[in-house]
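Report on the structure
What follows is the residue order along each chain.
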Amino acid sequence: MRIVYFTHSLASCWNHGNAHFLRGVLRELIAEGHAVEAYEPEGAWSLDNLLRDRGPAGLDAYRAAYPELSSQTYARVEEAVERAHGADLVIAHEWNAPDLIAGLGRARKAGRLGTLLFHDTHHRAVSAPEEMAAFDLSGYDGVLAFGEALARVYRARGWDGRTFIWHEAADTRLFQPPAEETERAGLVWIGNWGDGERTRELETFLFRPAEAAGLALDIYGVRYPEDALATLARHRARYHGWAPNAVAPALFARALATVHVPRRFYVEALPGIPTIRVFEALACGIPLATAPWEDAEGLFTPGADYLVARNGAEMEHHLRALAHDPDLRRSLAAHGLATIRARHTCRHRADELLAIAASLAAPAAAPLTWRRA
């Protein structure tokens, strides 16, 4: 099967979390014998920022970890759409320009593409519905939503029967426990500041508890303004700037534990959708403690795969326990890793994608539109 994916960027994961999952899924599809192509626009915001931050060497870790992957850039939407002609399956991520989304839909209506899917891995459907209304999805066969809460939003807007839940997952070819254990110390947190979406939560569930528990805290991520850096310094957290996602397993391997602090939209408006860092951390066999979020879809087993803190005091208690109880650390790491390997790898998601495509390959889908609630 010829599969084409339109992404904001495959090459850059600078503030672009979708690249994590996409890289893993595409290489699984390649391993299964499919012809895979990825396209990204020239001047992609994430790639431009990466090159400004680290220069061309910032791409080295990605290229070394994913030698089988590459992407082609395009300058004009018409050029991009034409390159996809004849593909059996085309997927367009929601972090693409509306004119590209519309152009692909027109090509699908004209019979120049096979199955066409829209892939949504963000909260804009609830946080900025006016932006989503700019997308003309009338030529699309269906939507891939990265959680049930988001899928319900699409169903309510007229997509019932054509919305498919496609969770993110860990690329276990890369994210796995270290081959040999070495000394671990402190906590590591890999994440971006979040545009104010979790500022209070980070202080409550990460900075204060880590300091109170006496655990060194190493922070990796981007878009930390001056006031954020001042907050880190006040809590004695060490900020290291951006780290390529491909080196995250090595960072996890040096720490006793890590913490999940979801953005507010994924707690309040789209409950049950974890960040991909949850999948990746558990795949690396590192103990995880998390701020409150509802695992509404039963993806994990709270208390066995990870510890949940309802408030800052409970997080401090969990972190102290993780620091001083090696049996607890081993139990959480083993259980979380087993859950990932059994249910949440990119291989699982590649197979799910192929099953979705097969279910849609029969009669042409009825036209779909984005309908305001």
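Below is a short write-up of the structure. (Residues numbered from 1 in each chain as written. Predicted model: local features only at pLDDT ≥ 70, side-chain atom pairs only at ≥ 80, totals over all residues. Heavy atoms only, no water.)

Quick word on the overall build of the chain
The secondary structure content of the chain amounts to 16 helices and 13 strands. For the chain, the C-alpha radius of gyration of 21 Å lies close to 21 Å, the compact-globule estimate for 373 residues. Taken over the C-alpha atoms alone, the chain extends approximately 65 × 40 × 40 Å along its principal axes. In the chain, which comprises 373 residues, the share counted as buried stands at 59%. Summing over all exposed atoms, the chain offers an accessible surface of approximately 15000 Å²; the carbon and sulfur share of this is 51%. For the chain, the separation between the mean place of its 40 positive charges and that of its 47 negative charges on side chains is 1 Å. (Helix = DSSP H or I, 4+ residues; strand = E, 2+ residues; numbered from the N terminus. Rg over C-alpha atoms; globule rule 2.2 N^0.38 Å. Buried < 20%, exposed > 50% of the residue type's maximum accessible area, 1.4 Å probe, protein only. Areas by Shrake-Rupley, 256 points an atom, 1.4 Å probe, with all protein chains shown as cover. Lys, Arg positive; Asp, Glu negative; His and termini not counted. Charge placed at Lys NZ, Arg CZ, Asp CG, Glu CD.)

Focus: unusual backbone geometry
Positive phi values are uncommon outside glycine, yet Asn15 reaches one of about 55 degrees. Tracing the backbone through its elements, the reader meets Asn15 in the loop between strand E1 (2-6) and helix H1 (18-31). For Arg236, which is not glycine, the phi dihedral falls at a positive 65 degrees. When you line up the elements, Arg236 lands in the loop between helix H10 (226-234) and strand E10 (238-239).

Examining the pairing of strand E8 (residues 187-190)
A two-sided burial pattern is seen for E8, the buried positions comprising Leu187 and Trp189 on one face and Val188 and Ile190 on the other. The pairing of E8 with strand E9 (residues 217-220) spans 4 bridges and is parallel. Note that in E9 the partner of Val188 across the bridge is Asp218. Where E8 and strand E11 (residues 257-260) come together, 2 bridges link them in parallel fashion. Bridging across to E11, Leu187 finds its partner in Ala257. (Pairing = 2+ DSSP bridges.)

By themselves, these figures tell us nothing about what the structure is for.
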